[in-house]
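# Observations on chain architecture
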Amino acid sequence: MIDEPVRSVPPAVYQERIARVRQECAQRGLAGILLFDQASLFYLFGYDQIGYWVFQTVYLPADGALPPAAICRAPDEHMIRGTGLVDDVRVWYDESPHTPGHLVDELLHDRQVAPGAVVGIELFTHALLPGYHHDLRQRLDGRVVLADASSVVGDLRVVKDRHEIAWFREAAFQLDAAFRVAGDAVGAGVPETEVHRAIVDELYRLGGDPPAIPPPIASGPRTLTQTHGAATARRMRDGETVVIEIGASATRYHAVGAVSYAIGRPDPEVARLHETMVETLEAGFEAFVPGRPIAEVSRRVQRLLTERGVSRAGRHVGYGTGIGFPPTWLENLRIKATEPRVLVPGMTFFYFIGLPGPDGSSLYLGEPVLITDTGHERVAPPDYANWIR
């Protein structure tokens, strides 16, 4: 068991993050940014809530002399004020004669946003429903220009500080334990949901937060969903493969891994594919070096798979992870051939390979990776060799 984690970020860290966002907005010629993504609000203000599908926003001006302001529902007002970082909190009600767009218009006026100014808005988020976006456009059309600025906070989040790395490590500790109980639970006649229960029980037993995605679990022909299928009451059968992905969460920071199991003796071709995937995954770690292009990892994996007679061409082999709220723990970072960025210490990834099997099923393997000053760290490598149940 690890020590009780520190669950808060020092105020100075939040202030530094806020200052960086203001600076980025100014460099882009934005008067400020309308923040909607719950992960952005957590990252900048420590604001944590689960009802973000209903309209809420924080407007952060580029001008450091102007304070941020929030619009939210009444039940959430005390949570925003409780962060100590947003004092101007405006409440909207379901039966108000004014729509949220009207309140945003008033807020921008109060924050001295000139007519015709360009205001950033986070569009690539599940927290801004199309109806609310339409309301904003209607209300603000001709008043200001709304420009997609989804990457402003997203790009800052991909490199973690020491607090975030500590939570990533804590999540990795939980992940490792969860895989051990998952492996013990897998077997012929066991429902997928029973494995799900064992995993979630272990994550909560260790003090984890709710993961952004319930553990995807699939057996037999359902493994063709790879890791996009939730557990069902289907009972596993002898001779089948089982795919399990787990995202463990500590203070909303996720460490993600995936394993495949064979129940009983696997088909020889399936066993060879599993061995190929493990060898390729292991070889790909040689490219996880600070300063190297992220695309180099993808190109190396793709080349090795092709040489072995299989391919994942055109698909990514990993992505950045960090703050996660339902329905995703993904960050704005991909391990793919077209990714333009380089590896930087503090980046955290879920690195994986998924391939279809010769028997109408699929296999999936992967683990969390931390980029360090000297290379990389495999914080919770699964026991790939012990995969037969």
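Residues numbered from 1 in each chain as written. Predicted model: local features only at pLDDT ≥ 70, side-chain atom pairs only at ≥ 80, totals over all residues. Heavy atoms only, no water.

This brings us to the pattern of salt bridges. Oppositely charged side chains are able to pair whenever their charged atoms sit close together. Evaluation of the coordinates by the stated rule reveals 29 salt bridges. Across the salt bridge formed by Arg 272 and Glu 269, the nearest N and O atoms sit 2.0 Å from each other. Residue Arg 272 and its partner Glu 269 are located together in helix α9 (residues 268–284), separated by 3 residues, close to a single helical turn. We classify Arg 272 as partly exposed; its relative accessible area is 44%. (Salt bridge = Lys/Arg side-chain N within 4 Å of Asp/Glu carboxyl O. Helix = DSSP H or I, 4+ residues; strand = E, 2+ residues; numbered from the N terminus. Buried < 20%, exposed > 50% of the residue type's maximum accessible area, 1.4 Å probe, protein only.)

To continue, consider unusual backbone geometry. Residue Pro 327 is reached from Pro 326 by a cis peptide bond, and omega for that bond is 15°. Relative to the helices and strands, Pro 327 resides in the loop between β10 (318–325) and β11 (328–334). Of note, the phi angle at Gln 112 is positive, near 65°, even though the residue is not glycine. You can see Gln 112 is positioned in the loop between α4 (100–110) and β5 (118–121). For Gln 112, a relative accessible area of 60% translates into the label exposed.

Assignment of secondary structure puts Gln 23 in helix α1 (residues 11–27). Gln 23 sits in the partly exposed class, given a relative accessible area of 48%. For the pair Gln 23 and Gly 64, spaced 41 residues apart in sequence, the C-alpha to C-alpha distance is 8.8 Å.

Turning next to the nonpolar core. Counting 65 residues, the largest nonpolar core has Val 21, Phe 45, Val 195, Ile 199 and Ile 244 as its most contacted members. Counting residues in hydrophobic clusters, the runner-up holds 29 residues, among them Phe 288, Ile 294, Phe 349 and Ile 353. (Core = buried A, V, L, I, M, F, W, Y, C linked by side-chain atoms within 4.5 Å.)

The subject of this paragraph is the confidence of the model for the protein. Scored by pLDDT, the protein comes out at a mean of 95, with 98% of its residues at no less than 70. In this model, residues 1–6 is a region of pLDDT below 50 whose contacts with residues beyond four sequence positions or in other chains number 7 contacts. (pLDDT = per-residue confidence, 0-100. Contact = heavy atoms within 4.5 Å.)

The next point concerns the packing of helix α7 (residues 162–185) against helix α8 (residues 192–205). Where α7 meets α8, the closest approach of the two axes is 9 Å, and the angle between their N-to-C directions is 150°. Our classification of the angle between α7 and α8 gives roughly antiparallel. Once α7 is placed against α8, the crossing between them reads as right-handed. Residues Gln 174, Ala 177, Ala 178, Val 181, Ala 182 and Ala 185 of α7 form the contact with α8, whose participating residues are Val 195, Ala 198, Ile 199, Glu 202 and Leu 203. Considered class by class, the residues forming the contact of α7 with α8 number 9 nonpolar, 1 polar and 1 charged. (Axes fitted to C-alpha atoms, helices over the stretch in contact; angles between N-to-C directions. Parallel < 35°, antiparallel > 145°, perpendicular 65-115°, else oblique. Left-handed = near helix turned anticlockwise from the far one by under 90°. Nonpolar A, V, L, I, M, F, W, Y, C, P; charged D, E, K, R; others polar.)

What follows covers the sheet that holds strand β1 (residues 32–35). Ordered in space as β4-β3-β2-β1-β5-β6, the 6 strands form an open sheet in which the pairing is mixed. Two strands lie at the open edges of the sheet, namely β4 (88–91) and β6 (145–148), each paired on one side alone. Across the sheet, the mean angle separating the axes of adjacent strands is 25° when strand polarity is ignored. In the sheet, β1 pairs with strand β2 (residues 57–61) via 4 bridges, with the strands oriented antiparallel. In the sheet register, Leu 34 faces β2, and the bridge partner there is Tyr 59. Strand contacts of α1: β1 and β2, with the helix running at about 70° to β2, the strand carrying the most contacts. (Pairing = 2+ DSSP bridges.)

Note that strand β3 (residues 69–72) and β4 share 4 bridges and pair parallel. Within the sheet, the bridge partner assigned to Cys 72 lies in β4 and is Val 91.

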